[in-house]
Structures are given as C-alpha cells and as structure tokens.
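# Results of the structural survey
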Amino acid sequence: MIRSPRIAIFFGAAALSLVCSPGYADAMIKATLLNNHAIQLDANHVKAGSIVFEVSNAPDTGLTHELVVLKTDLADARLPVKNGQVRESQFKKMGEVEDVAPGKSRHMTLKLTPGRYVLICNQPGHYSMGMHTSLVVTP
Ligand SMILES: [Cu+2]
C-alpha cells in the first residue's frame, strides 16, 4: 500500500511520454489544403523516418477536406478514379487525416520508408478538381 502512489506516478509519466510522441519525429511537413483545390506542401522531399504531417485547411475553402497518404510510383495526377473517388484499396495506404474543417488543422505521424508517395484529398470529386501532390522520401 505504501508504494502504490509511486507506482501511479511512474505510470502517469509513461503515459505522458506516449502522448508527446510527435517530439520524437525526424521531420515535419506542413500540408495546406487550399481554396483553389490544391494541396501545398512546404517540402516535396524528406528523409525517411517518422514524419509529422501538420494538415491545415485554409479558412476560405468553405469545405471539409482530408489528407490521404498512398505509397505508389504513379504520378499524382494519374490515379484511377471511380465515382469521383480514388480507389484507395488499390494502393498501399500509409495513413490519413480525416475531416479537417475550414480554418482547422490536425496532425498525424507516419513512419515512411524511401520511395514515392502521393497525397490526396479523397472527399468525393476533390481529387479530380486537383487536390493531389507528390512526396519523395529519400534514404
Ligand atoms: Cu478536399
């Protein structure tokens, strides 16, 4: 009984370090979802490792957007589309940030190995309007 408060503190600290995991990232990429149906990255190359994506939806888009990261050698404008959406199941999907409201931002951390990636918004119709870009991960 005497030791239990110490144990509680220990587990509390361990939980806190998990919550703060973005601090262990190797790099950060800012992705902005723009009013003219584009995805703008602050870098198109990044070294392999744990990458934090900070995804911001510009205040003036008036639409909810998302960011999906796919690993593919296809050019970002050449993905197969059906019923207004890219068929994500045909690709190796690394992760996504869903439902980012105008003026809001959310982040995710992905562990990316060297290769070519395509980033899209796959809300219906948005990919075809131009919401796609590419990212190269280097060794
Ligand atoms: Cu969108």
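Because the structure is predicted, anything quoted here is derived from the model rather than measured.

Turning our eyes to something else, we now look at the pairing of strand 4 (residues 49-57). It is a general feature of regular strands that their side chains alternate between the two faces of the sheet. Within strand 4, seven of the nine residues are buried, which leaves the element mostly enclosed by the surrounding structure. Sheet topology places strand 1 (residues 27-34) next to strand 4; seven bridges connect them, and they run parallel. Counterpart to A27 in the pairing with strand 4 is I51. When strand 4 meets strand 9 (residues 105-112), the two strands line up antiparallel, connected through eight bridges. Each bridged residue has a counterpart across the sheet, and for S50 the counterpart in strand 9 is K111.

So, about the coordination of the copper ion. Coordination of the copper ion by the protein is provided by H65 (ND1), C121 (SG) and H126 (ND1), with metal-donor distances spanning 1.9 to 2.2 Å. All donors of the copper ion come from a single chain, and their spacing in sequence reads H-x55-C-x4-H. Within this pair, whereas H65 is found in strand 5 (residues 65-71), its partner H126 is found in the loop between strand 10 (115-120) and strand 11 (132-138), the two being separated by 61 residues in sequence. A relative accessible area of 1% places H65 in the buried class. For H126, a relative accessible area of 7% puts it in the buried group.

Let's shift gears to the pattern of salt bridges. Counted under the stated rule, the structure contains two salt bridges. Measuring nitrogen to oxygen at the nearest pair gives 2.6 Å for the salt bridge that ties E88 to K93. Among the salt bridges present, the one from K93 reaches E96, with a minimum N-O distance of 2.7 Å. When its relative accessible area of 36% is taken as the criterion, K93 is described as partly exposed. One salt-bridge network, held together by shared partners, links E88, K93 and E96.

Turning our attention to the environment of L112. Structurally, L112 can be placed in strand 9. Its relative accessible area of 2% is what places L112 among the buried residues. Linking L112 and G49, residues 63 residues apart in sequence, is a C-alpha distance of 5.5 Å. When sequence neighbours within four positions are dropped, the list of residues in contact with L112 reads A48, G49, I51, F53, M94, Y117, L135 and V137.

Reading the values: the criteria
Residues numbered from 1 in each chain as written. Predicted model: local features only at pLDDT ≥ 70, side-chain atom pairs only at ≥ 80, totals over all residues. Heavy atoms only, no water. Buried < 20%, exposed > 50% of the residue type's maximum accessible area, 1.4 Å probe, protein only. Helix = DSSP H or I, 4+ residues; strand = E, 2+ residues; numbered from the N terminus. Pairing = 2+ DSSP bridges. Donors = N, O, S within 2.8 Å, 3.2 Å for Na, K, Ca; no water. Salt bridge = Lys/Arg side-chain N within 4 Å of Asp/Glu carboxyl O. Contact = heavy atoms within 4.5 Å.

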